[in-house]
Amino acid sequence: MTLTIKLFAALRDLAGTDTVTVVLPDGATVGALRLELGNRLPLARSLLARSAVAVNHDTTDDEHVLSPADECAVIPPVSGG
């Protein structure tokens, strides 16, 4: 399946774009998505491990199974003061 992933903040900066397209096997999980993004963006691996993944506007865990129609976004932790 092919998914378009929205990236925000530092992840967007590291990727140089606000979306990336990934191809994953049917039945892939959010964890597999996180690994694929880490392979494509090695400098972002530690940030990806701490980032939330939202599927269809709800954050989810790495065991969540993805479907081709899912809208996915990776949201890094936010700090501020």
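Quick summary incoming for the structure in this document. Computed from a predicted structure; not experimentally measured.

1. A look at unusual backbone geometry
With a phi angle near 55°, N56 is a residue other than glycine that sits in the positive phi range. Within the element layout of this structure, N56 appears in the loop between β3 (52–55) and β4 (58–60). For N56, a relative accessible area of 36% gives the class partly exposed. Although it is not a glycine, H57 adopts a positive phi angle of roughly 75°. You can call H57 exposed: its relative accessible area is 66%.

Cut-off values and rules
Residues numbered from 1 in each chain as written. Predicted model: local features only at pLDDT ≥ 70, side-chain atom pairs only at ≥ 80, totals over all residues. Heavy atoms only, no water. Helix = DSSP H or I, 4+ residues; strand = E, 2+ residues; numbered from the N terminus. Buried < 20%, exposed > 50% of the residue type's maximum accessible area, 1.4 Å probe, protein only.

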